[in-house]
2 protein chains.
Amino acid sequence: MPSLLGEEIVARINELAAISETPEHLARIYLTPEHRKAADLLLSWMREAGMSAHLDAIGNVCGRYEGEAPDLPCLMLGSHYDTVRDAGKWDGPLGLITAISCVADLNRRGRRLPFAIEVTGFADEEGVRFASTLLGSRAVAGTFDESVLNAHDHAGISMREAMIAFGLNPDHIGAAARARRELLAYVELHIEQGPVLEEKELPVGVVTAIAGATRLAAKLTGMAGHAGTVPMGLRRDALTGAAESITAIEEFCKTDGGGLVGTVGYIDALPGATNVIPGKVSFTIDIRAPTDMHRKRAVADIVRRIEAIAKRRTLALQVDVTHENRTVPCAPWLKEQVAEAVAGEGFPVFELPSGAGHDGMAMIDIADVAMLFVRCRAGISHHPDEHVELADADAGARVLLRLIENFWPREMVQS
Amino acid sequence: MPSLLGEEIVARINELAAISETPEHLARIYLTPEHRKAADLLLSWMREAGMSAHLDAIGNVCGRYEGEAPDLPCLMLGSHYDTVRDAGKWDGPLGLITAISCVADLNRRGRRLPFAIEVTGFADEEGVRFASTLLGSRAVAGTFDESVLNAHDHAGISMREAMIAFGLNPDHIGAAARARRELLAYVELHIEQGPVLEEKELPVGVVTAIAGATRLAAKLTGMAGHAGTVPMGLRRDALTGAAESITAIEEFCKTDGGGLVGTVGYIDALPGATNVIPGKVSFTIDIRAPTDMHRKRAVADIVRRIEAIAKRRTLALQVDVTHENRTVPCAPWLKEQVAEAVAGEGFPVFELPSGAGHDGMAMIDIADVAMLFVRCRAGISHHPDEHVELADADAGARVLLRLIENFWPREMVQS
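Parameters and conventions
- Residues numbered from 1 in each chain as written.
- Chains lettered and ligands numbered in written order.
- Predicted model: local features only at pLDDT ≥ 70, side-chain atom pairs only at ≥ 80, totals over all residues.
- Heavy atoms only, no water.
- Least-squares fit on C-alpha atoms with pLDDT ≥ 70 in both.
- Contact = heavy atoms within 4.5 Å.
- Helix = DSSP H or I, 4+ residues; strand = E, 2+ residues; numbered from the N terminus.
- Expected span 1.5 Å × (residues − 1).
- Buried < 20%, exposed > 50% of the residue type's maximum accessible area, 1.4 Å probe, protein only.
- Domains from an automatic or database assignment.
- Buried area = accessible area lost by both parts, 1.4 Å probe.
- Salt bridge = Lys/Arg side-chain N within 4 Å of Asp/Glu carboxyl O.
- Axes fitted to C-alpha atoms, helices over the stretch in contact; angles between N-to-C directions.
- Parallel < 35°, antiparallel > 145°, perpendicular 65-115°, else oblique.
- Nonpolar A, V, L, I, M, F, W, Y, C, P; charged D, E, K, R; others polar.

A look at the relation of the copies chain A and chain B
Here is step 1 of the chain: Rotating chain A by 180° and moving it 0.0 Å along the rotation axis overlays it on chain B with an RMSD of 0.1 Å. A rotation of that kind, with that shift, is consistent with a two-fold axis. Ranked by how close their C-alpha atoms come to the rotation axis, the residues of chain A are headed by alanine 243 of chain A, at 2.2 Å.
Here is step 2 of the chain: Interface overlap between copies: 100% of the residues of chain A at the interface are likewise at the interface in chain B, consistent with a symmetric, same-surface contact.

Structure below.
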């Protein structure tokens, strides 16, 4: 009964969304009472779905549905259940709740597979509280950075203190780590958080890779001056230099055609008065592409263009890399199975990269990764207007269920 | 002895600059103890130069050097003696002190002219304290806006209260007003505050007009989005739209060739995060040209271009005029006499507009106006680095003195 799957998922999305720091603005932050309440609810759903379930050493919820025999390696499904502040209710929970509902469906039918299924709800993907993302999945992947334990939240509470207050032992985080041999693959269903599927009129899409990102901080320095007294030809205007650079970045990415995106999200012009030519401008550049090589080449090309603009305008330029994330490609063998499941449910197979980060970025260290995107309205995410249609939630669930039931581990695919 | 004139002027510039709110950062603000001290010093110099001198009803210093007969109409010279905060010492005082030194020179030689000379030191041109400029010259021109008396400074003191505390009667400001028949002309020497004379290697320049200015507030609204998930082709990025607009404004002004200048001095992109496509951008546009018609046509053309950019990018655009100042042309007959004095001192005659505002903008209501610019280093003004070479201060003084001694009132020029 596929439509029942979608209805159950949407009902549970709403039930989970009611667990929030304030009723008006959804916020479910790591190691808070809301975290605890949400975990309890998720664990109850997992158990209801025939899984054994527990909270792990970092606060992830972990459910396991045994296969045809005990102790088989698992297909791991998952997503996160923390949120940003003033969040939408679908980012994270949709993948987690869908996975639980799929297992519940198998369980109702008494269906056991030649592998176990595990569903993991990661406790902190957004990194709102301690300014470090992917805490839950990094712990599972065994790559948790212990120094984050000493990071403090806005109230001055360290992660270590918050864990203890929550009832977790910060010295036991290592216990959350899983071994590569325990996992056959990691598959995550997630809302797209972008407008491409809506544009293509498709309910679901097959993710090719989680795009890496390079963030740059650029600073142009010219000469401030009086807006009335310095003729155009004698100016060293840092803002017109920045404007030309921003236009060049956009032009470069637009003509790329290979999924490259470049964004200037922040700009500051000093001194910032109506009647003063800006002498200094700072701006950020965020560049993402489906492959690392593509991104790195683009970063180099863009920096070269800005350098040429600065030189021609006799502006001093400083560019620093402030952040760099490698691209996480989805495993071809696994992606192919996702595509087959999409086609099997009667939907056109459409591939797209993920421009946003996901727990797969951490899970890649212990498993091959694939992702299925579900259309969200207008591409809006991290906002209360985030929305998924019931039919699309249902489509995602049907594809995921089909994927699970037809899943073949890599070894068997290759042999 | 012309070089003595320059030396006296520079010495007095330094003496006046010592009267400041703090010793480190020059600030001489309207109706403060520094205003009082500076006024007393200027009045003493005026009297020393053979002038009768008094503080007028708004706090201007007014000196009068009689002509060959009493009660003759005057050639009025002047500039302001208030400063911005962290100011240079030449902006304003150079014109005022030079005028006093020229009169002193005439007085030493016992030279009387067929007209009186008046020197006015305006008490507030910069408008730092009550956010309204040209207070001194507007009072003299009889156009003082009484509502400014109710404006408050940062400490919450109204202009009315500050005047009373200073010993002036706010109900008597009208007494500062002069009649058109009392003035033959108003001539102001001032530092250029721009880099043109330095570029041309000239000590002085003849001002053609005080350029009018139009200030616009522009707001572009597109759609904020995730920097990773929205492909270039689906973006409505308000900042790339603003960048294209800024580049277009620069291009338009650069190719104008007629002294048009356009400046975007302030920009703000929201939400302003590295990884979010800006959905809203506000920026200012300051446009100045030597004539009102030129400026108005340019404003219309620039707005049309931005409208086209916004339309093509499906961005909403709002443009508001926040400020508009008419152009004050220098009177041709008077400008010609300034040019003759420049040539008479052996300097090439070079004409340029004033992009900055000056007291002549108010004085135009009761007299024909001309201005002589003196070169300042690197065009820097409103900054402690503001600097005028002794030789240039001297050149300016010699030109002004020659102008005074050869001055013919308009009636006599035309007859």
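Some words on helix 2 (residues 33-48) of chain A
All names here are of chain A.
Here is step 1 of the chain: Along its 16 residues, helix 2 runs 23 Å from first to last C-alpha, staying within 8% of the 22 Å computed at 1.5 Å per residue.
Here is step 2 of the chain: All of the buried residues in helix 2 are Glu34, His35, Ala38, Ala39, Leu41, Leu42, Leu43, Trp45 and Met46.
Here is step 3 of the chain: The first or second residue beyond helix 2 is glycine 50, which carries a positive phi of 90°.

A word on the domain arrangement of chain A
Residues and elements named next belong to chain A.
Here is step 1 of the chain: Assigned domains of chain A: these are domain 1 (4-210 + 327-414) and domain 2 (212-325).
Here is step 2 of the chain: For domain 1 versus domain 2, the distance between C-alpha centres works out to 37 Å.
Here is step 3 of the chain: Across the boundary between the two partners, domain 1 contributes 7 residues, which contact 8 residues of domain 2.
Here is step 4 of the chain: A combined buried area of about 480 Å² lies between domain 1 and domain 2, and 43% of that area is made up of carbon and sulfur atoms.
Here is step 5 of the chain: On the domain 1 side of the interface with domain 2, the three residues burying the most area are Thr327, Gly355 and Met361, jointly 72% of the side's total.
Here is step 6 of the chain: Where domain 1 touches domain 2, the interface holds 0 salt bridges.

Here we look at the packing of helix 2 of chain A against helix 3 (residues 93-108) of chain A
Residue and element names in this part refer to chain A.
Here is step 1 of the chain: Two elements in contact, helix 2 and helix 3, have axes whose closest approach is 8 Å; the angle formed by their N-to-C orientations is 25°. Considered as vectors, helix 2 and helix 3 are oriented roughly parallel to each other. Counted together, Leu42, Trp45, Met46 and Glu48 of helix 2 and Leu96, Ile97, Ile100 and Asn107 of helix 3 form the full contact between these two elements.
Here is step 2 of the chain: Broken down by class, the residue content of the contact of helix 2 with helix 3 amounts to 6 nonpolar, 1 polar and 1 charged.

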